[in-house]
Amino acid sequence: PKAYPLQVAERATARTLIPAIAKGPEPVTMLQRSPTYYLSRPTNHELATTLRALDIPDEWTHEILRRQYTVQTNWLARMSLEAPDEVHAFLMEGMRPLLPEGIDVAKHFTPRYRPWQQRIALVPDGDLFAALREGRASIVTDTIATFTEHGIRVGSGEEIPADVVVTATGFNLSVFGDIAFTVDDEPVDFAERVTWRGMMISGVPNMAYMFGYFRHSWTLRIDLVADVVARLFEIMRAKGAVVVTPTLRSTEADMPKRAWSDPENFNAGYVLRSQHLLYKQGDREPWTHMMEHDQEREVLPKAELDDGTPVYR
């Protein structure tokens, strides 16, 4: 093989595949529609190494590092909203020393959106940048015009030779696995429903779903949601109820409905393409979601679960 072009939309896929493929005998080309933000981090955490050398129990080390990562990620997410220009400069200056000399940074590594409006791709030990510097990988920023006998022709007219093309682009969200839900024999159109605290759906009884954070470890929110579900079980047991259904109160029946994800908050293509299929959110609690972890870790454990919005019977 002469090359392995990789067409990328989900840059997280590319940042891990490219260095691995580039270890082979032939070079690899990463073809992307647009640049993303990258953040290089070591796979061996310096603090973890220090703590283990001190014979700190593994569970303590895990908890210390978990809290440190959470605080750092909360800071980065908050500053991306409050001071996006400063975060942009921080991320760009972190990448520049790792990139090949003379590479077009503006074209290949300067996103058209503010930091964290789409995912920031972590690069373990900077391995993607090392592959670029060593000439084992290259990057092309363009769109696909057509596949040819010998590879891919991009919008500029350039032909990228390839024997193998690995695609990682263009997926669409599947709402609850495309399962056809019914309630009392009536089909459920989720696009007409509203989320309750980002974990249940209005008018759909006894169903909780798990959705994590775009900007934090997924499990951080799963832990919070699981605790709320356990509290719902306790209330049901106390009431002798077998059904709980999120239900709009009379004062909320005409509240404005907002998109599942505000494009100003998060505008990845796979989210925007599926907005018309997804449930909505309201303009007030408890019918909103997409908060950050530093907010929800305070809100969800104290959430009122018997305020008339969960109806028990």
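Residues numbered from 1 in each chain as written. Predicted model: local features only at pLDDT ≥ 70, side-chain atom pairs only at ≥ 80, totals over all residues. Heavy atoms only, no water.

Colleague: I keep staring at the layout of surface pockets and nothing clicks. Help me out?
Modeller: Once rolled over the atoms, a probe with the size of a water molecule shows which space is left empty. Computed from the structure, the largest pocket encloses a volume of approximately 980 Å³. Taken together, 34 residues line the largest pocket, and the ones lying closest to its centre are R41, Y69, Q72, T73 and L122. Contributions of two or more residues to the lining of the largest pocket are made by α1 (11–21), β3 (38–41), α2 (46–53), α3 (58–82), β4 (121–124) and α7 (218–239). For the lining of the largest pocket, the leading source of residues is α3, giving nine residues. The residue makeup of the lining of the largest pocket, split by class, is 17 nonpolar, 10 polar and seven charged. (1 Å grid on protein atoms, 1.4 Å probe; cavity = no way out; pocket = protein on both sides within 12 Å on 5 of 7 lines; lining within 4 Å. Points joined across faces, edges and corners; volume = space filled by probe spheres on them. Helix = DSSP H or I, 4+ residues; strand = E, 2+ residues; numbered from the N terminus. Nonpolar A, V, L, I, M, F, W, Y, C, P; charged D, E, K, R; others polar.)

Colleague: Teacher, can you tell me more about the pattern of salt bridges here?
Modeller: Oppositely charged side chains may form a pair once their charged atoms are brought near each other. Under the counting rule described, the total for this entry stands at 13 salt bridges. For R66, the salt bridge identified is with D223, shortest N-O distance 3.1 Å. Placement of R66 in helix α3 and of D223 in helix α7 is noted, with a sequence separation of 157 residues between them. What makes R66 partly exposed here is its relative accessible area of 30%. The partner of D307 in a salt bridge is R249, with the nearest N and O atoms 4.0 Å apart. Here the residue D307 occupies a position in the loop between α9 (293–299) and β15 (310–312), and R249 occupies one in the loop between β14 (244–246) and α8 (269–272), the gap between them amounting to 58 residues. A relative accessible area of 25% places D307 in the partly exposed class. (Salt bridge = Lys/Arg side-chain N within 4 Å of Asp/Glu carboxyl O. Buried < 20%, exposed > 50% of the residue type's maximum accessible area, 1.4 Å probe, protein only.)

Colleague: What is the right way to look at the environment of F266 in this model?
Modeller: Take F266: it is sitting in the loop between β14 and α8. Separated by 15 residues in the primary sequence, F266 and Q281 have C-alpha atoms spaced 15 Å apart. Excluding anything up to four places from it in sequence, F266 contacts W116, Q117, Q118, R119, F214, R215, S261, V271 and L272. (Contact = heavy atoms within 4.5 Å.)

Colleague: For this particular structure, what's the right way to read the packing of α2 against α3?
Modeller: Helix-helix packing: each pair is described by the crossing angle between the helix axes and the interaxial distance. In contact at an axis separation of 10 Å, α2 and α3 are set at 155° when each is read in the N-to-C sense. Judged on the interaxial angle alone, α3 and α2 are roughly antiparallel. You can see that α2 and α3 cross each other, and the crossing is right-handed. Residues L47, A48, L51 and R52 of α2 form the contact with α3, whose participating residues are D58, T61, I64, L65 and Q68. (Axes fitted to C-alpha atoms, helices over the stretch in contact; angles between N-to-C directions. Parallel < 35°, antiparallel > 145°, perpendicular 65-115°, else oblique. Left-handed = near helix turned anticlockwise from the far one by under 90°.)

Colleague: Got a minute to help me understand the pairing of strand β2 (residues 28–32) in this structure?
Modeller: The side chains of a regular strand alternate between both faces of the sheet. β2 sits mainly inside the fold: five of its five residues count as buried. A two-sided burial pattern is seen for β2, the buried positions comprising V28, M30 and Q32 on one face and T29 and L31 on the other. Of the pairings in the sheet, the one linking β2 to strand β5 (residues 137–141) comprises five bridges and is parallel in character. Across the sheet, residue V28 finds its bridge partner in β5, namely A137. (Pairing = 2+ DSSP bridges.)

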